[in-house]
Amino acid sequence: MLSGWTNDAERRHVVRLVAGGDALSAARGALAEVTGEHVYSVQKGGGGSSAADADHLNALCAEGARQTDAMFDAPPDTPNALRDN
């Protein structure tokens, strides 16, 4: 999910559901300013897990931790609702 301000003459705030990395890059580029981004992971159910699935899950967890660390490490004068509450 990606949210931000459009580049249109009539600037507006939009929220978009984007699937896939290439589509996400394109959606980011179409916005004047990105105000929010949240990654959801939907995986096919059933059966066992493979090494590739485990690698994907590990990468997803590491990215979530990186984003959280960046949010808490932001300069004190940066608005941050989670840290400031």
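Residues numbered from 1 in each chain as written. Predicted model: local features only at pLDDT ≥ 70, side-chain atom pairs only at ≥ 80, totals over all residues. Heavy atoms only, no water.

1. Side note on the overall build of the protein chain
Applicable threshold: Think of it this way: any DSSP run of H or I at least four residues long counts as a helix, any run of E at least two long counts as a strand, and we number them from the N terminus. Note on classification: 1.4 Å probe, protein chains only; a residue is buried when its accessible area is under 20% of the maximum for its type, exposed when over 50%, partly exposed between these limits. Any two residues having at least one pair of non-hydrogen atoms within 4.5 Å are treated as being in contact. Method for areas: the Shrake-Rupley scheme with a 1.4 Å probe, in which residue coverage is limited to the protein chains shown.
Counting secondary structure elements, the protein chain contains three helices and three strands. When each of the 85 residues of the protein chain is scored for burial, the buried share is 12%. Counting only contacts in the protein chain whose residues sit at least 6 apart along the sequence, the fraction spanning at least 24 positions is 36%. As presented, the protein chain carries roughly 6500 Å² of accessible surface, and 56% of it is formed by carbon and sulfur atoms.

2. Digging into a nonpolar patch on the surface
Just so we agree on the cut-off: The patches reported here contain residues having more than 30% relative accessible area and no salt bridge. Joining distances are 9 Å for like charges and 5 Å for nonpolar side chains (Val, Leu, Ile, Met, Phe, Trp, Tyr). Here, a salt bridge means any side-chain nitrogen of Lys or Arg that lies within 4 Å of a carboxyl oxygen of Asp or Glu.
Taken together, the side chains of Met-1, Val-15, Leu-17 and Tyr-40 make up a nonpolar region of the molecular surface, amounting to roughly 480 Å² of accessible area. Position of Met-1 among the secondary structure elements: in the segment before strand 1 (2-6). Judged by its relative accessible area of 39%, Met-1 falls in the partly exposed class.

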